[in-house]
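The lines below spell out each chain.
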Amino acid sequence: VAVGAASATASGQSVDGSSVDDEEHPWLGINISREGYLGVLISDVIEDTPAEACGLLPNDEILEIGGERIVDGDELIATVSRHAVGDRVPLTYLRGGQTFTTVATLTARVDDRNEVFHRRLVGRSAPTITATWIGGAPANARHTLTNDDLRGDVVLMMVWSTSCAECRGLAAELAEFTADHADGVRALALSDESQDALNANQHHAPLRLPIATDIDSRRRFFLTTEPLAQPALLVLDRRGVVRFAAL
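Residues numbered from 1 in each chain as written. Predicted model: local features only at pLDDT ≥ 70, side-chain atom pairs only at ≥ 80, totals over all residues. Heavy atoms only, no water.

**What to know about helix 2 (residues 73-81)**
All buried positions along helix 2 are accounted for by Gly-73, Leu-76, Ile-77, Thr-79 and Val-80. Looking straight down helix 2, one finds its buried side chains confined to an arc of 165°; they lie on one side. At the N-terminal end of helix 2, a side-chain oxygen is found 3.2 Å from the backbone nitrogen of Asp-74, two or three residues along, and the residue is Asp-72. (Buried < 20%, exposed > 50% of the residue type's maximum accessible area, 1.4 Å probe, protein only. Helix = DSSP H or I, 4+ residues; strand = E, 2+ residues; numbered from the N terminus. Arc of directions from axis to C-beta. Polar contact = N/O pair within 3.5 Å; in protein donor to acceptor, adjacent residues only side chain to side chain.)

What follows is the structure in structure tokens.
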């Protein structure tokens, strides 16, 4: 769940429950993966947002906002939405078994999906990858793909699904680019679909990229990236840091 993120649903509602219009809506700039033990657990803090400015970190558990008890994501979203842009809101959170209080100055929600995606990822180490190769693995590659396997090269990573029509065009472009820049540049397509689904897709309409599927039971990569559209493209430098991210 992206709290105050930018995508709109078919019903015309943003993910924070407010209508999609020209009015400014407040946000914290966090993503939550699930309810915590006492409150709501933060999975990610988006860069240059109120949450980052007030010192919140991933794995902090939000307990109260503005004096109101928070026990689930819906309550968190509704509580933030009742405030205005510019409000200074006391916030109580749990970290390492200790309770802390800070003050978040709410800013206007960023409604550009690319901007949200960029802030979430660029300048940080790539989210944890635990995947298995489906096809096109490099020579001598291990069966399991991790972040360590990607370091040392510039990596163009397409996050995709078999239902994504635009993914094939991007895959062809990436394949051509890496063929022209073969020294130290590689590309791959990462999905969270099943091996059977990806193998069937390769049989009927092969993708022109090495393909891996996420096998991490905790889904850390996909919970962190949470693409708002597909295909999504990430560029990792030789140290595994995300330098570009776009939808």
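**What about the state of the cysteines?**
Enumeration according to the criterion identifies one disulfide in this entry. With its sulfur 2.2 Å from that of its partner, Cys-164 forms a disulfide with Cys-167. Judged by the sign of its S-S torsion, about 100°, the bond between Cys-164 and Cys-167 is right-handed. Given a relative accessible area of 0%, Cys-167 falls into the buried group. (Disulfide = S-S within 2.5 Å.)

**Structural notes on the nonpolar core**
By size, the foremost hydrophobic cluster in this structure holds 22 residues, and its most contacted members are Met-157 and Leu-234. Residues within four places of Met-157 in sequence aside, it is in contact with Ile-129, Leu-150, Leu-188, Leu-190, Phe-221, Ala-232, Leu-233, Leu-234 and Leu-236. (Core = buried A, V, L, I, M, F, W, Y, C linked by side-chain atoms within 4.5 Å. Contact = heavy atoms within 4.5 Å.)

**Quick notes on the pattern of salt bridges**
This structure, assessed with the given rule, holds 11 salt bridges. Among the salt bridges present, the one from Asp-44 reaches Arg-124, with a minimum N-O distance of 3.2 Å. With Asp-44 in strand 4 (residues 40-45) and Arg-124 in the loop between helix 3 (113-121) and strand 10 (130-135), the pair connects residues that are 80 residues apart, well separated along the chain. Overall, Arg-124 belongs to the partly exposed group, its relative accessible area being 25%. For Arg-109, the salt bridge is made with Asp-111, and the minimal N-O distance between the two is 2.6 Å. Note on Arg-109: relative accessible area 8%, which makes it buried. Because the salt bridges share partners, they merge into one network encompassing Asp-237, Arg-239 and Arg-243. (Salt bridge = Lys/Arg side-chain N within 4 Å of Asp/Glu carboxyl O.)

**With respect to unusual backbone geometry**
Even without being glycine, Asp-48 reaches a positive phi, approximately 60°. By the element assignment, Asp-48 lies in the loop between strand 4 and helix 1 (50-53). With a phi angle near 80°, Asn-59 is a residue other than glycine that sits in the positive phi range. Tracing the backbone through its elements, the reader meets Asn-59 in the loop between helix 1 and strand 5 (61-65). Since its relative accessible area comes to 58%, Asn-59 is described here as exposed.

**Describing the pairing of strand 15 (residues 232-236)**
Buried residues dominate strand 15, accounting for five of its five residues. Side-chain alternation along strand 15 places Ala-232, Leu-234 and Leu-236 on one buried face and Leu-233 and Val-235 on a second face that is also buried. Bridge count for strand 12 (residues 154-159) against strand 15 is five bridges, and the pairing is antiparallel. Within strand 15, the position partnered with Leu-156 by the bridge is Val-235. Here strand 15 pairs with strand 16 (residues 242-246) via four bridges, running antiparallel. Paired with Leu-234 across the bridge in strand 16 is Ala-245. Linkage of strand 15 to strand 16, two consecutive antiparallel strands, is achieved through a turn of five residues, within which Gly-240 is found at a positive phi near 85°. (Pairing = 2+ DSSP bridges.)

**Remarks on the packing of aromatic side chains**
Two measures describe an aromatic ring pair: the distance that separates the ring centres and the angle between the ring planes. In the structure shown here, the tally under the stated rule is two aromatic pairs. Here the aromatic rings of Tyr-93 and Phe-100 are separated by 5.6 Å at their centres, their planes lie at 25°, and the arrangement is stacked. Look at Phe-221 and Phe-222: their rings are 5.2 Å apart centre to centre, the planes differ by 75°, and that puts the pair in the edge-to-face class. (Phe/Tyr/Trp six-rings, centres within 6.5 Å; stacked < 30°, edge-to-face > 60°.)

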